[in-house]
Amino acid sequence: MEHLLKGKFGRVVISSYSSHSSKYSPQKRFQRNIASLWGGKALDRSRSVFHEHYKYQRREYGMLIVRALRGVLKIRYLLIGGAVAGGGALNKKYNDWKDGLPDLKWLDDVLPDNEKWNKMRGNLIEFKDNLRNNIEIDPRIKALSEAKYSQFKNWFEQRLDDAVAAAEKVDQAHKTNLDQGTSQVLSEIISRMYSEVKNEFKKKNIAYARPFARQESEEDSRIRKEAQQRLNEIQDEMMQTQIKYQRELEKLEKENKELRKQNLLLKQGRKPNMKKIKRSLIDMYSEVLDELADFDSGYNTQDQLPRVVVVGDQSSGKTSVLEMIAQARIFPRGAGEMMTRAPVKVTLSEGPYHVAQFRDSSREFDLTKESDLADLRKEVELRMRNSVKGGKTVSSDVISMTVKGPGLQRIVLVDLPGIISTQTTDMAADTRESIRQMTQAYMNNPNAIILCIQDGSVDAERSNVTDLVASCDPSGKRTIFVLTKVDMAEENLADPSRIRKILSGKLFPMKALGYFAVVTGKGRKDDSIQTIKDYEENFFRSSKLFKDGQIRSTQVTTRNLSLAVADCFWKMVKETVEQQADAFKARRFNLETEWKNNFPRIREQDRDELFERARGEILDEVINLSQVSPGEWEKRLSQNIWDKVSGNMFENIYIPAAQTGSAETFNTAVDIKLRQWAESTLPSQSVDCGWESLKAEFQRFMQKASIAPDHDDIFDELKRAVVNEAMKRHKWEDKASDMLRVIQLNALEDRTIADKRDWDQAVGFLELRVKEKLKESERLLKDLLGPSARERWLYWQYQNELQAKRGQVKKELDKVLHSNEKHPPILSYDELTTIRNNLQRNNIDVDNEFVREVWGALYRKHFLNQALERAYDCRKSFYMYAQQMDVDCADVVLFHRIQQMMKVTANALRQQITNREARRLDKEIKDVLDDYGQDQDKKMQLLTGRRVTLAEELKRVRQIQEKLEEFIQALNKEK
């Protein structure tokens, strides 16, 4: 084909041929191409031309088939070659892994071979057979061992069943919020099981029969004693925990019962019944008195509600009379010791069961059980001692309790500390006067019923209480006189008519509504109330006074006394309660008017509500710490770290090392000082920076909140106190210093600067810090020299004599530095002498220390200027440094090390703050808030102002008035 179409059309023919579609046969395509070249003119060629072309096409098809077969054969060779190469690579990988395994040939020297193992096994079997054949156990010992084993097995199974039962009770206790009863049952079961196990082991001394018995070693004895001691400690800890959370469990029990009841009603599709529980009149009245006792304002004169005040000399029998009226021995007793240290308000009411309960507790003490009575007396004594604070002997805090029982009269009695005439050394200096003032405060209430107790066994002339009662109630319209210990008086008095004079009101100058004689015991504290009542009735039945008619029957026994006191009490209540309700209503109106005039747009909130608001705002600011970005944390931390370490960095490391004069000495001195620094004070300084940064950031959020438009400044003092207390309690974790020490040492030991960017950052850091120090040096030099010549001319400022002298010294020192810019930091003796001589020519006489003072400030400025110039020169010296050429840029490397140390330290501190310290600070703030929330004195100290006190008074007056109105409604219904 190429031979036929040689010439100027040859290339065109080939190109055209190759561009046509393949739908034509080779012969047709050839004819079309020829026709297109010659404009469609027919060419008369011989048939041989087409024959040659046809042969050419067949050869081309053959070549295509050969090429296809060769490609297929190549794939086979590729597969075979890949398999061979992969196998070789795998074999090489296996050999490398095998060579990497540790050498275990040393085990062949340690472990015995198979022959030694078989020999050892045979020896053991032989020893077992010899032991079985040669040693015989006594059948009695064997029988005893089997019996002991069987006995121990039965005992252990029984203890296991008890433990399972105890576990079920524990689970039930958790399901009911660990109520008190279940917790006590659990404690009793555990204690009983422990005692049984201990006694069983002691009694039986269980041991397996062994042919070779041995004595207990000292190590075993020590381990056993430690285990016993640990078991005792666990028991004590369990009991302490149970006592500590007793009140919380009681509250949980009460709340749990109510919630379960409401939940059951909701599941049944019914609404909970919110009907109030019907309370007795005396309980309602007692609640009013409790509210008044807690009403700490300036309006105690309004507390004129009736109550029975029990007063008397110490050991006159006040408490015994009250116990006889309550029909239970509920107060602690002591021989000649002051037991009543605080007022005890006892509300007596009738009920089916004889129980007692404190106002702030849900526990009921069963007064028919001696164990509950003992617990009640301990609780009363504990509350009295806790109420006494600040080295005082007595307290005015009221302990409120309720006693219910069959046949009890409905009365509210207040037992006061006994009047004393002599103070002992263990009492506070103001004890006697405090008791008198407290007693007078209660008796001055015009509606209080005074129950005056007089000891009949002592001379009437020794009485202290009668004069005090006569001064408070001179007419005797609300006083009931009670003579105690009449049995002893009848036995000891020579003139029995003296008792008749007392009970008729003719012996004492005081007057009373009625006079009663009682016997409250035989002098034995273990006697029951019923025993004392029987003794009292028998005494008066057989008494000479009663037989002779000197005493009327209505004037004796505590039963008649309680009836008379109850009758007088309720008569006084009905006459005065409405007047008191009106007084509180008027007081409420006045307080509400004052609030509307002074705080018209503010909601009334007492201290508890304000404290909860402050708690929420403080905790919100703690949460805001998480909003600070890592970049901001590290920026502030880096700046704080530099502020903390810059002084040591310049004064103790950089300047002394730079003044050595050579790069080698500079690097050596820097390395030594940096390592000493990192191993000693740098970690603790860094931790201090982290803590100061956290504190500053939190205070910044608090300050930001204080300038908000809706900020209430009444919380400011409370917030400051809480934050300061939390900061005092917060301690950074000790392991942080050790962690920082490691990373700081690694950072400071790296003296390489990898790239130009790090070099530029180090140079910029050096320039920035040197400029800061240079400004400080210029300020110091200005303070020494005074105003410059420009300031003296323009601003009429003057130098003092000392500053003028320093100016002359500076001129001489400038000459020294000008003559030698690389002058060492210390002036030689000859230079000092020359300077002083030059100054003396100008009639300026100074000593060497004066010159050194100016020289120190001047040379520091000179040195920092030189350092700044070197930093400028080092800006373009990185490539010379990288090629290890001699460049004077050692201080750039030093500041790069410091910069890297600060970066890693800031990063570590930031992680410590965000991961640990912020959460620990949050917990400590919550703890402080919990402590302050339970401390009313703290609230009164930190939440102050007329707005707070007015809201407190208004809330209390509302509560008292509402309770009084509720009581009056119930009283009218009963009428």
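The structure reproduced in this document is the subject of the present report. (Residues numbered from 1 in each chain as written. Predicted model: local features only at pLDDT ≥ 70, side-chain atom pairs only at ≥ 80, totals over all residues. Heavy atoms only, no water.)

**Some words on the environment of Gly 456**
Inference 1: Relative to the assigned elements, Gly 456 resides in the loop between β7 (449-455) and α14 (465-472).
Inference 2: For the pair Gly 456 and Ser 316, spaced 140 residues apart in sequence, the C-alpha to C-alpha distance is 8.3 Å.
Inference 3: Excluding anything up to four places from it in sequence, Gly 456 contacts Leu 483, Thr 484, Lys 485 and Ala 489. (Helix = DSSP H or I, 4+ residues; strand = E, 2+ residues; numbered from the N terminus. Contact = heavy atoms within 4.5 Å.)

**Here we look at helix α29 (residues 829-841)**
Inference 1: Spanning 13 residues, α29 covers 19 Å between terminal C-alpha atoms, matching the ideal 18 Å at 1.5 Å per step.
Inference 2: Where α29 is concerned, the buried positions are Leu 832, Ile 835 and Leu 839. Considered in projection along α29, the buried side chains sweep an arc of 65 degrees and stay on one side of the axis. With respect to the buried face of α29, the exposed residues turned more than 90 degrees away are Tyr 829, Asp 830 and Arg 841. (Expected span 1.5 Å × (residues − 1). Buried < 20%, exposed > 50% of the residue type's maximum accessible area, 1.4 Å probe, protein only. Arc of directions from axis to C-beta.)

**As for unusual backbone geometry**
Inference 1: Despite not being glycine, Lys 485 shows a phi value in the positive range, around 55 degrees.
Inference 2: With respect to the helices and strands, the residue Lys 485 is situated in the loop between β8 (479-484) and α15 (486-492).
Inference 3: Owing to a relative accessible area of 22%, Lys 485 belongs among the partly exposed residues under this scheme.
Inference 4: Of note, the phi angle at Trp 796 is positive, near 55 degrees, even though the residue is not glycine.
Inference 5: Along the chain, Trp 796 falls in the loop between α27 (789-795) and α28 (801-819).

**So, the pattern of salt bridges**
Inference 1: Within this structure, the stated rule accounts for 52 salt bridges.
Inference 2: Among the salt bridges present, the one from Glu 594 reaches Arg 946, with a minimum N-O distance of 3.0 Å. Note that Glu 594 is positioned in helix α19 (residues 558-598) and Arg 946 in helix α34 (residues 946-974), a separation of 352 residues in sequence.
Inference 3: For Glu 594, a relative accessible area of 24% gives the class partly exposed.
Inference 4: On the basis of relative accessibility, which here comes to 35%, the residue Arg 946 falls in the partly exposed class.
Inference 5: The partner of Asp 927 in a salt bridge is Lys 923, with the nearest N and O atoms 3.2 Å apart. Highlighted residues: Asp 927 and Lys 923, both in helix α32 (residues 890-933), separated by 4 residues, approximately one helical turn.
Inference 6: Here Asp 927 falls in the partly exposed class, since its relative accessible area comes to 29%. (Salt bridge = Lys/Arg side-chain N within 4 Å of Asp/Glu carboxyl O.)

**A look at the packing of helix α24 (residues 716-729) against α32**
Inference 1: With their axes 9 Å apart at the nearest point, α24 and α32 run at an angle of 125 degrees to one another. In terms of axis orientation, α24 runs oblique to α32. Seen from above, α24 lies across α32 with right-handed handedness. For the pair α24 and α32, the contacting residues are Leu 718, Ala 721, Val 722, Glu 725, Ala 726, Met 727 and Arg 729 in the first and Leu 921, Glu 924, Ile 925, Asp 927, Val 928, Leu 929, Asp 931 and Tyr 932 in the second.
Inference 2: Classifying every residue of the contact of α24 with α32 by side-chain character gives 10 nonpolar, no polar and 5 charged. (Axes fitted to C-alpha atoms, helices over the stretch in contact; angles between N-to-C directions. Parallel < 35°, antiparallel > 145°, perpendicular 65-115°, else oblique. Left-handed = near helix turned anticlockwise from the far one by under 90°. Nonpolar A, V, L, I, M, F, W, Y, C, P; charged D, E, K, R; others polar.)

**Notes on a nonpolar patch on the surface**
Inference 1: A contiguous nonpolar surface patch, about 440 Å² in accessible area, is contributed by Trp 793, Leu 794 and Tyr 795.
Inference 2: Note on Leu 794: relative accessible area 51%, which makes it exposed. (Patch = residues over 30% accessible without salt bridge, like charges linked within 9 Å, V, L, I, M, F, W, Y side chains within 5 Å. Areas by Shrake-Rupley, 256 points an atom, 1.4 Å probe, with all protein chains shown as cover.)

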